[in-house]
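Here are the chains, one letter per residue:
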Amino acid sequence: MSHDGLTHFDATGQAHMVDVGAKAETERVARAAGAIRMQPATLALIKAGEAKKGDVLGIARIAAIQGAKRTSELIPLCHPLPLTRVAAEFAIDDANSSVTCEVTAQTVGRTGVEMEALTAVTVALLTIYDMLKAVDRGMAIGEVRLLEKIGGKSGHWRAAGADF
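Rules used throughout
- Residues numbered from 1 in each chain as written.
- Predicted model: local features only at pLDDT ≥ 70, side-chain atom pairs only at ≥ 80, totals over all residues.
- Heavy atoms only, no water.
- Helix = DSSP H or I, 4+ residues; strand = E, 2+ residues; numbered from the N terminus.
- Buried < 20%, exposed > 50% of the residue type's maximum accessible area, 1.4 Å probe, protein only.
- Pairing = 2+ DSSP bridges.
- Contact = heavy atoms within 4.5 Å.
- Axes fitted to C-alpha atoms, helices over the stretch in contact; angles between N-to-C directions.
- Polar contact = N/O pair within 3.5 Å; in protein donor to acceptor, adjacent residues only side chain to side chain.
- Core = buried A, V, L, I, M, F, W, Y, C linked by side-chain atoms within 4.5 Å.

Draft legend 1. Fine view of the environment of K52. Along the polypeptide, K52 turns up in the loop between α1 (40-48) and α2 (56-69). Since its relative accessible area comes to 88%, K52 is described here as exposed. Expressed as a C-alpha distance, the spacing of K52 and L132, which sit 80 residues apart in the sequence, is 8.3 Å.

Structure below.
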């Protein structure tokens, strides 16, 4: 099996943490998003602030920040990063009975923050699930993806169709 272009494998195919010591420190930004679909009555609980466990989106926002900060503890080959900013925004979509979470993560460092943004989105959506599972176990989390990354050797990248 060829590992050409995959930086988390050494010459013998063994997994390793990439050496970023020689890279320049630059500002790095990543945006990621995902959604959770639910029953309309469940979405109504979020909108009315009537979930038994409390402010669903407020707690999910804090969970996103925690998720970003702990990414290197969860993803084995991620470097611990000094995050300079993590912002989580939520949008309610009545037509699709869903909540979208978008996270922006930033640092000044030698490696990007894509994994931090993606982890933050996932943890936020899992938190929404946890807070509402008593009333809707059929919620579905999906469409988690990187929207944009800025900085580093590869420069600016934006997902196709990321007009959000």
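Draft legend 2. Structural context of the pairing of strand β4 (residues 140-150). Pairing between strand β1 (residues 26-37) and β4: eight bridges, direction antiparallel. If you follow A32 over to β4, its bridge partner there is L146. As defined by bridge partners, β4 adjoins strand β5 (residues 157-158) across two bridges and the pair is classed as antiparallel. Bridging across to β5, E148 finds its partner in R158. Hairpin connection of β4 to β5: six residues between the antiparallel strands, including G151 at a positive phi of 110°.

Draft legend 3. Spotlight on the sheet that holds β5. Across the sheet, five strands lie side by side as β2-β3-β1-β4-β5; this open sheet has antiparallel pairing. Either end of the sheet is taken by a strand with one partner, and the two such strands are β2 (83-93) and β5. Pairing geometry for β2 and strand β3 (residues 98-109), over ten bridges, is antiparallel. From the neighbouring strand, V86 faces β3, where its bridge partner is A105. The strands touched by helix α4 (residues 114-132) within the sheet are β1, β2, β3 and β4, with β1 carrying the most contacts at an inclination of about 25°.

Draft legend 4. Region of interest: the side chain of K149. Looking at where K149 falls in the secondary structure, it is placed in strand β4. A polar contact is formed between the side chain of K149 and the backbone oxygen of G151, at a distance of 2.6 Å. Within polar-contact distance, the side chain of K149 engages the backbone oxygen of G155 at 2.7 Å. What K149 contacts, discounting residues up to four positions off in sequence, is V29, A30, E114, S154, G155, H156 and W157.

Draft legend 5. Spotlight on the nonpolar core. M38, I46, V56, F90, V99, V103 and I128 are the most contacted members of the largest nonpolar core, which totals 30 residues. Elements supplying a minimum of two residues to this core: β1, α1, α2, β2, β3 and α4. For this core, the element with the highest residue contribution is α4, accounting for eight residues. With residues up to four places along the chain from it excluded, the contact list for F90 reads L57, A60, R61, V99, T100, C101, A124 and I128.

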